[in-house]
Amino acid sequence: MERSEIKPFIAKRVAKELHDGDVVNLGIGLPTMVPDYLDPSVKITLQSENGFIGLAAVDPENPDADYIVNAGGQPAGIEKDGMFFDSATSFSIIRGGHVDATVLGSLQVDEKGNIANWIIPGKMVPGMGGAMDLVVGARKVIVAMEHTQKGAPKILKECTLPLTAKNQVNMIVTEMGVMDVTPEGIVLKEYNPEFTVEDIQAATEAKLIIADDLKPMI
């Protein structure tokens, strides 16, 4: 798989996890690509922690219009029935369990469902943003990320970086496979046919449980 194909491949698979009517919060980077791959019959409502619900894509034919800005600082449109509100209301929506799914990238995830995605010690970062609230408040937490970082595993037995939250990740989607986080451990339920199960395990520090009904991705 070419490097340029990895993120679209992951986003396309994540899109299958979203359902018509879902309220969804997307993290910055790769997760913002997910709506491009939704089935036309699936209509989701995008929520942004900086005070919007009903985010829309920027119109490519009118790039100079007065757009709003999403939580990642990127230009975004707003649906006709979209709403604006303060951050207190936005986080009440998140903390109140009204977000059906959140899709985030991560630096590390472990077999207990712990997630570390906000800081590498010693590096300057603007802050945790809404990640801590999102992974605790959303009904489903999907981590969408590349399987390794410069060859080093990102799916670990135990996270070594500062945690964003504990025991909150439900699913991990990478270019190698789709994994569910269960009380027993990480279950590999789909694999990319470009890799063998042995390849996937070799790139994963945590011990994978292979699903009985393991099937190819997408």
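Scroll up to find the structure this text is about.
Everything in this summary refers to the structure shown in the same document.

What counts, and where the lines are drawn
- Residues numbered from 1 in each chain as written.
- Predicted model: local features only at pLDDT ≥ 70, side-chain atom pairs only at ≥ 80, totals over all residues.
- Heavy atoms only, no water.
- Helix = DSSP H or I, 4+ residues; strand = E, 2+ residues; numbered from the N terminus.
- Rg over C-alpha atoms; globule rule 2.2 N^0.38 Å.
- Buried < 20%, exposed > 50% of the residue type's maximum accessible area, 1.4 Å probe, protein only.
- Contact = heavy atoms within 4.5 Å.
- Lys, Arg positive; Asp, Glu negative; His and termini not counted.
- Salt bridge = Lys/Arg side-chain N within 4 Å of Asp/Glu carboxyl O.
- Polar contact = N/O pair within 3.5 Å; in protein donor to acceptor, adjacent residues only side chain to side chain.
- Pairing = 2+ DSSP bridges.

What follows concerns the overall build of the protein chain. Within the protein chain, the secondary structure is distributed over 4 helices and 16 strands. Its C-alpha radius of gyration of 17 Å places the protein chain within 12% of the 17 Å reference for a compact globule of 218 residues. Seen through its C-alpha atoms, the protein chain measures out along the principal axes to roughly 50 × 35 × 30 Å. By residue count, 46% of the 218 residues in the protein chain fall in the buried class. Considering only intrachain contacts with a sequence separation of at least 6, the fraction spanning at least 24 residues in the protein chain is 62%.

Mapped onto the elements, Ala-57 comes out in the loop between β3 (52–56) and β4 (68–69). What makes Ala-57 exposed here is its relative accessible area of 69%. Sequence separation between Ala-57 and Pro-35 is 22 residues, and the spatial gap between their C-alpha atoms is 9.0 Å.

Residues other than glycine seldom take positive phi values, yet Lys-150 does so here, at roughly 55°. Structurally, the position occupied by Lys-150 is in the loop between β10 (148–149) and β11 (152–153).

Before going further, it helps to examine the side chain of Lys-154. Structurally, Lys-154 can be placed in the loop between β11 and β12 (155–156). We note that Lys-154 is buried and unpaired, the nearest opposite charge coming from Glu-146 at a distance of 6.8 Å. Of note is the side chain of Lys-154, whose polar atom sits 3.1 Å from the backbone oxygen of Ser-106.

Reading across from one edge, β8-β7-β12 is the order of the 3 strands in this open sheet, with mixed pairing throughout. Strands with a single pairing partner mark the edges of an open sheet, and in this sheet they are β8 (115–116) and β12. Strand direction decides the pairing type here: strand β7 (residues 108–110) and β12, joined by 2 bridges, are parallel. What sits directly across from Val-109, in β12, is Ile-155.

Next up on the list: the environment of Pro-40. Residue position: Pro-40 is located in the loop between β1 (23–26) and β2 (45–48). Judged by its relative accessible area of 82%, Pro-40 is exposed. A C-alpha to C-alpha distance of 27 Å links Pro-40 and Glu-2, two positions 38 residues apart in sequence.

The subject of this paragraph is the sheet that holds strand β9 (residues 140–144). One open sheet accounts for 11 strands, arranged β4-β5-β3-β2-β1-β6-β9-β13-β14-β15-β16; its pairing is mixed. Each end of this open sheet is capped by a strand with a single partner; those strands are β4 and β16 (208–216). Note: strand β6 (residues 101–104) against β9, 4 bridges, orientation parallel. The partner of Leu-104 across the bridge, within β9, is Val-143.

So, on to the environment of Asn-50. Residue placement: Asn-50 occurs in the loop between β2 and β3. Residue Asn-50 is classed as partly exposed on the basis of its relative accessible area of 32%. Not counting the four nearest positions on each side in its chain, Asn-50 is found in contact with Val-69, Asn-70, Ala-71, Phe-85 and Ser-90. A polar atom in the side chain of Asn-50 sits 2.4 Å from the side chain of Ser-48. Here the side chain of Asn-50 touches Val-69 through a polar contact of 2.8 Å, landing on its backbone oxygen.

As a further point, take the pattern of salt bridges. The tally for this structure, following the rule as stated, stands at 8 salt bridges. Note that Glu-17 is salt-bridged to Arg-13, the shortest N-O span being 2.9 Å. Across the pair, Arg-13 and Glu-17 agree in class, each one buried. The salt bridge involving Lys-140 is made with Glu-17; its shortest N-O contact spans 2.8 Å.

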